[in-house]
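Summary of structural features
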Amino acid sequence: MAPAPPPPPPGLAPARADAGKTLVLYYRGARYEVKKDRFIIGRGKQSSDMTIKDANVSRQHAMVECLNGQYFMVDMGSTNGIEFNGQRLQRKPIVHGDVFFICDHELRFVTE
(Lines give C-alpha, C1' and ligand atoms only; values in the text may rest on other atoms or scores of the structure.)
Protein backbone atom coordinates (compact mmCIF):
# COMPACT_ATOMS: atom_id res chain seq x y z
CA MET A 1 0.00 0.00 0.00
CA ALA A 2 1.37 3.41 -1.00
CA PRO A 3 1.96 6.00 1.72
CA ALA A 4 -0.58 8.81 2.00
CA PRO A 5 0.34 12.04 0.19
CA PRO A 6 1.73 14.77 2.42
CA PRO A 7 -0.72 17.38 3.71
CA PRO A 8 -0.80 20.73 1.88
CA PRO A 9 1.56 23.39 3.22
CA PRO A 10 0.05 25.66 5.89
CA GLY A 11 -1.74 28.72 4.57
CA LEU A 12 -2.73 27.23 1.23
CA ALA A 13 -6.40 27.16 0.38
CA PRO A 14 -8.06 23.80 -0.19
CA ALA A 15 -9.09 22.85 -3.71
CA ARG A 16 -12.43 24.29 -4.73
CA ALA A 17 -15.43 22.03 -4.34
CA ASP A 18 -16.71 23.41 -7.66
CA ALA A 19 -13.51 22.66 -9.62
CA GLY A 20 -14.08 22.64 -13.34
CA LYS A 21 -16.80 25.28 -13.15
CA THR A 22 -16.50 28.90 -14.23
CA LEU A 23 -16.67 31.77 -11.75
CA VAL A 24 -19.12 34.38 -13.03
CA LEU A 25 -19.56 37.93 -11.76
CA TYR A 26 -22.88 39.72 -12.25
CA TYR A 27 -22.95 43.50 -12.09
CA ARG A 28 -25.92 45.64 -13.17
CA GLY A 29 -27.30 42.85 -15.33
CA ALA A 30 -23.98 42.27 -17.11
CA ARG A 31 -22.21 38.91 -16.92
CA TYR A 32 -18.42 38.68 -16.61
CA GLU A 33 -16.61 35.35 -16.71
CA VAL A 34 -13.51 35.36 -14.53
CA LYS A 35 -10.96 33.54 -16.68
CA LYS A 36 -7.77 35.15 -15.38
CA ASP A 37 -5.69 34.56 -12.26
CA ARG A 38 -5.90 38.31 -11.53
CA PHE A 39 -9.22 39.91 -12.60
CA ILE A 40 -9.14 43.64 -11.75
CA ILE A 41 -12.24 45.66 -10.81
CA GLY A 42 -12.02 49.44 -10.76
CA ARG A 43 -12.74 52.82 -12.28
CA GLY A 44 -9.87 52.78 -14.79
CA LYS A 45 -10.94 51.64 -18.25
CA GLN A 46 -7.44 50.66 -19.39
CA SER A 47 -6.33 49.22 -16.05
CA SER A 48 -9.43 47.15 -15.16
CA ASP A 49 -11.07 44.02 -16.50
CA MET A 50 -14.43 45.29 -15.23
CA THR A 51 -15.08 49.02 -14.99
CA ILE A 52 -17.32 50.73 -12.44
CA LYS A 53 -18.03 54.34 -13.41
CA ASP A 54 -17.99 56.03 -10.01
CA ALA A 55 -15.58 58.64 -8.66
CA ASN A 56 -15.64 56.86 -5.26
CA VAL A 57 -14.19 53.70 -6.83
CA SER A 58 -10.40 53.53 -7.11
CA ARG A 59 -8.78 53.03 -10.52
CA GLN A 60 -7.77 49.54 -9.38
CA HIS A 61 -10.11 48.97 -6.46
CA ALA A 62 -10.36 45.20 -6.06
CA MET A 63 -9.09 42.00 -7.55
CA VAL A 64 -10.48 38.52 -7.95
CA GLU A 65 -7.41 36.36 -7.49
CA CYS A 66 -7.14 32.64 -8.16
CA LEU A 67 -4.63 30.75 -6.03
CA ASN A 68 -4.40 26.96 -6.04
CA GLY A 69 -7.85 26.70 -7.64
CA GLN A 70 -9.57 28.92 -5.03
CA TYR A 71 -10.87 32.40 -5.90
CA PHE A 72 -10.47 35.30 -3.46
CA MET A 73 -11.89 38.83 -3.41
CA VAL A 74 -8.99 41.14 -2.51
CA ASP A 75 -8.98 44.87 -1.70
CA MET A 76 -6.13 46.53 -3.63
CA GLY A 77 -5.57 49.29 -1.07
CA SER A 78 -8.66 51.27 -2.08
CA THR A 79 -9.88 54.25 -0.07
CA ASN A 80 -13.48 53.07 0.28
CA GLY A 81 -12.89 49.32 0.55
CA ILE A 82 -14.98 46.24 -0.08
CA GLU A 83 -17.91 45.09 2.07
CA PHE A 84 -19.30 41.62 2.62
CA ASN A 85 -22.25 41.09 4.99
CA GLY A 86 -21.82 44.66 6.23
CA GLN A 87 -18.17 44.17 7.17
CA ARG A 88 -15.19 45.74 5.45
CA LEU A 89 -12.62 43.16 4.36
CA GLN A 90 -9.16 42.86 2.88
CA ARG A 91 -9.40 39.32 1.51
CA LYS A 92 -12.07 36.61 1.45
CA PRO A 93 -12.48 33.28 -0.35
CA ILE A 94 -15.35 33.52 -2.84
CA VAL A 95 -18.11 30.90 -2.69
CA HIS A 96 -21.16 30.46 -4.90
CA GLY A 97 -23.74 33.14 -4.17
CA ASP A 98 -21.42 35.62 -2.44
CA VAL A 99 -22.43 39.29 -2.75
CA PHE A 100 -19.81 42.00 -2.25
CA PHE A 101 -20.25 45.76 -2.31
CA ILE A 102 -17.78 48.26 -3.72
CA CYS A 103 -19.25 51.57 -2.52
CA ASP A 104 -22.96 51.14 -3.45
CA HIS A 105 -22.25 48.72 -6.30
CA GLU A 106 -23.40 45.12 -5.82
CA LEU A 107 -21.18 42.35 -7.22
CA ARG A 108 -22.72 38.87 -7.18
CA PHE A 109 -20.61 35.75 -7.79
CA VAL A 110 -21.86 32.36 -8.95
CA THR A 111 -20.24 29.22 -10.30
CA GLU A 112 -21.67 27.83 -13.51
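Residues numbered from 1 in each chain as written. Predicted model: local features only at pLDDT ≥ 70, side-chain atom pairs only at ≥ 80, totals over all residues. Heavy atoms only, no water.

1. Re the nonpolar core
Filter applied, for reference: For this analysis, a nonpolar core means a set of buried residues of the types Ala, Val, Leu, Ile, Met, Phe, Trp, Tyr and Cys, connected via side-chain atoms within 4.5 Å. Here the term buried applies to any residue with accessible area under 20% of the maximum for its type, exposed to any over 50%, and partly exposed to those in between, with areas from a 1.4 Å probe on protein chains only. Working definition: helices are DSSP H or I runs of at least four residues, strands are E runs of at least two. Numbering for both runs from the N terminus. We call two residues in contact when some of their heavy atoms are within 4.5 Å.
Core analysis: the biggest nonpolar cluster contains 22 residues, and I41, V64, M73, L107 and F109 have the highest contact counts within it. For this core, the secondary-structure elements that each account for two or more residues are strand 1 (23-27), strand 3 (38-42), strand 5 (62-67), strand 6 (70-75), strand 7 (82-84), strand 10 (99-102) and strand 11 (105-111). Among residues more than four places away in sequence, those in contact with I41 are L25, S48, M50, I52, Q60, H61, A62, V64, M73, I102 and L107.

2. Here's the deal with the pairing of strand 1
So the rule is basically this: At least two bridges found by DSSP between two strands is the condition for calling them paired.
Of all the five residues making up strand 1, four are buried; the element is thus mostly covered by neighbouring parts of the structure. Looking at chain direction, strand 1 and strand 2 (residues 30-34) are connected through five bridges and run antiparallel. Residue Y27 lies in a different strand from strand 2, and its bridge partner there is A30. If you look at the hairpin formed by strand 1 and strand 2, you'll find two residues sitting between the two strands, and R28 has a positive phi there, around 50°. Of the strand pairs in this sheet, strand 1 and strand 11 are connected by four bridges, and their pairing is antiparallel.

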